[in-house]
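Chain residues, written in single-letter form:
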Amino acid sequence: MMRIVLFGPPGAGKGTQAQRIAAAYGIPHISTGDMLRQAVAAKSELGRQVEEILERGHLVPDEMIGRVIAERIAEPDAAAGFLLDGFPRTVPQVAILQRALGEKRLDRVVMLVVPDAVVEARILGRAQAGEGGAVRADDRIETIRERLRVYREQTEPGAQVYREQGLLAEVDGTGNIDQVFGLVAGLLGGARA
Ligand code: AMP
C-alpha cells in the first residue's frame with residue numbers, strides 16, 4: 001500500500017519518473033495533465049472548458065480539477081494506493097486532496113528538485129526537438145516558461161504544506177532517468193519488482 005504524490009517543475013522528467021515508480025510499486029499512475037489532455041482530445045465538455053487554459057500554461061480552477069481527482073481516486077484500482085503526478089498543484093488543492101482521502105493518509109511526498117537554469121536548458125532542447133514536427137500545444141517555449149512561473153508561485157507553496165507536515169522528501173532531479181529513479185526508489189524503499 002503506497003499513496004505517493006510527486007512534485008517537480010516542468011522539464012524535471014516528472015512524468016517519466018511517475019511511470020517508473022507506479023510500475024515498480026504496482027500502483028496506478030494518476031496524471032491530471034494526461035487526464036485533461038485526453039479530455040481535450042476527446043472534445044468532451046471538460047475538454048472544451050480547459051483547452052485554452054492548458055495552451056496558456058495556466059492552471060484549471062481548483063474545484064474543477066478537484067472533482068476530476070476525487071472521482072479518479074475513488075475508482076477500485078486506486079484502493080491499494082496510487083502515484084499522483086500533477087496534483088495537488090496549489091495550496092487549496094492540498095486541502096481538496098485531504099478531503100477526498102478522508103481517513104486515509106499519504107505515505108510520501110517526493111519533490112524532484114531542478115534549478116531554473118537546468119529547466120531552461122531542457123525547455124530549449126525539448127522545443128528544438130519538436131521543431132518542424134508535432135509539438136504538443138503546451139510544449140511551446142513561452143508556455144513552458146509560464147508553467148515554470150506558475151509552478152514556483154503556486155505549486156511550491158502547496159509542497160511547503162507537506163514539508164511542514166514532515167512528509168516531503170526532496171530528490172536531486174538533475175541526473176539522468178536511471179540516476180533519479182535510483183534516488184527515488186532508495187527513498188521509498190520496498191519496490192515490488
Ligand atoms: P502536466 O502534464 O501535469 O504538466 O499538466 C499539464 C497542464 O494541465 C498544466 O499546465 C495545467 O494547465 C493542467 N493541469 C494539470 N494538473 C492540474 C492541476 N492539478 N490543477 C490545475 N491545472 C492542472
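Residues numbered from 1 in each chain as written. Predicted model: local features only at pLDDT ≥ 70, side-chain atom pairs only at ≥ 80, totals over all residues. Heavy atoms only, no water.

Observations concerning the packing of helix α5 (residues 91-101) against helix α7 (residues 141-164)
1) Next: For the pair α5 and α7, interaxial distance at closest approach is 7 Å and the crossing angle is 45°. By the angle between their axes, α5 is oblique relative to α7. From α5, Val91, Val94 and Leu97 reach across to α7, where they touch Gln154, Pro157, Gly158, Val161 and Tyr162.
2) Next: Of the residues assigned to the contact of α5 with α7, the class counts are 6 nonpolar, 2 polar and no charged. (Axes fitted to C-alpha atoms, helices over the stretch in contact; angles between N-to-C directions. Helix = DSSP H or I, 4+ residues; strand = E, 2+ residues; numbered from the N terminus. Parallel < 35°, antiparallel > 145°, perpendicular 65-115°, else oblique. Contact = heavy atoms within 4.5 Å. Nonpolar A, V, L, I, M, F, W, Y, C, P; charged D, E, K, R; others polar.)

Focus: the site of the ligand
1) Next: Close to the ligand lie 16 residues, the nearest being Thr32, His58, Gly86, Gln93 and Arg147.
2) Next: Taking Val60, its main chain carries an N or O atom lying 3.2 Å from a nitrogen atom of the ligand.
3) Next: Taking Gln93, its side chain carries an N or O atom lying 2.9 Å from a nitrogen atom of the ligand.
4) Next: Protein contact buries 96% of the 480 Å² of open area that the ligand shows by itself.
5) Next: Tallying contributions element by element places helix α2 (residues 32-42) first for the shell around the ligand, with 4 residues.
6) Next: By residue class, the composition of the shell around the ligand is 6 nonpolar, 5 polar and 5 charged. (Near = heavy atom within 4 Å. Polar contact = N/O pair within 3.5 Å; in protein donor to acceptor, adjacent residues only side chain to side chain. Areas by Shrake-Rupley, 256 points an atom, 1.4 Å probe, with all protein chains shown as cover.)

Details of the sheet that holds strand β2 (residues 29-31)
1) Next: Spatially, the 5 strands line up as an open sheet ordered β2-β3-β1-β4-β5, and their pairing is parallel. The open sheet has two edge strands, β2 and β5 (168-172), and neither has a second partner. Neighbouring strand axes in the sheet, compared pairwise and without regard to direction, differ in orientation by 25° on average.
2) Next: In the sheet, strand β1 (residues 2-7) pairs with strand β4 (residues 108-113) via 4 bridges, with the strands oriented parallel. Considered in β4, the bridge of Ile4 is made with Arg108. (Pairing = 2+ DSSP bridges.)

Notes on the environment of Asp85
1) Next: Among the secondary structure elements, Asp85 is positioned in strand β3 (residues 81-85).
2) Next: Overall, the relative accessible area of 5% leaves Asp85 in the buried class.
3) Next: Along the sequence, Asp85 and Asp34 sit 51 residues apart, while their C-alpha atoms lie 9.3 Å from each other.
4) Next: A polar atom in the side chain of Asp85 sits 2.9 Å from the side chain of His29. (Buried < 20%, exposed > 50% of the residue type's maximum accessible area, 1.4 Å probe, protein only.)

Some thoughts on the environment of Val114
1) Next: With respect to the secondary-structure elements, Val114 resides in the loop between β4 and α6 (116-130).
2) Next: In this structure the C-alpha to C-alpha distance between Val114 and Ala159, which are 45 residues apart in sequence, comes to 14 Å.
3) Next: Once residues within four sequence positions are removed from consideration, Val114 is found in contact with Pro9, Ala12, Val119, Arg152, Gly173 and Thr174.

Observations concerning the pattern of salt bridges
1) Next: All chains considered together, the criterion is met by 12 salt bridges.
2) Next: As a salt-bridge pair, Glu146 and Arg149 come within 2.7 Å of each other at their nearest N and O atoms. With Glu146 and Arg149 both in helix α7 and 3 residues apart, this pair spans about one turn of that helix.
3) Next: Given the relative accessible area of 18%, Glu146 is considered buried.
4) Next: For the salt bridge of Glu156 with Arg152, the shortest nitrogen-to-oxygen distance reads 2.8 Å. Of the two residues, Glu156 and Arg152 are both situated in helix α7; the distance of 4 residues between them amounts to about one turn of the helix. (Salt bridge = Lys/Arg side-chain N within 4 Å of Asp/Glu carboxyl O.)

Some remarks on the layout of surface pockets
1) Next: Estimates place the volume of the second largest pocket at around 210 Å³.
2) Next: Lining the second largest pocket are Met35, Ala39, Leu46, Gln49, Met64, Arg67, Val68, Glu71, Arg72 and Glu75.
3) Next: Secondary-structure elements contributing two or more residues to the lining of the second largest pocket are α2, α3 (45-56) and α4 (62-73).
4) Next: In terms of residue count, the dominant contributor to the lining of the second largest pocket is α4 (5 residues).
5) Next: Among the residues forming the lining of the second largest pocket, the class breakdown is 5 nonpolar, 1 polar and 4 charged. (1 Å grid on protein atoms, 1.4 Å probe; cavity = no way out; pocket = protein on both sides within 12 Å on 5 of 7 lines; lining within 4 Å. Points joined across faces, edges and corners; volume = space filled by probe spheres on them.)

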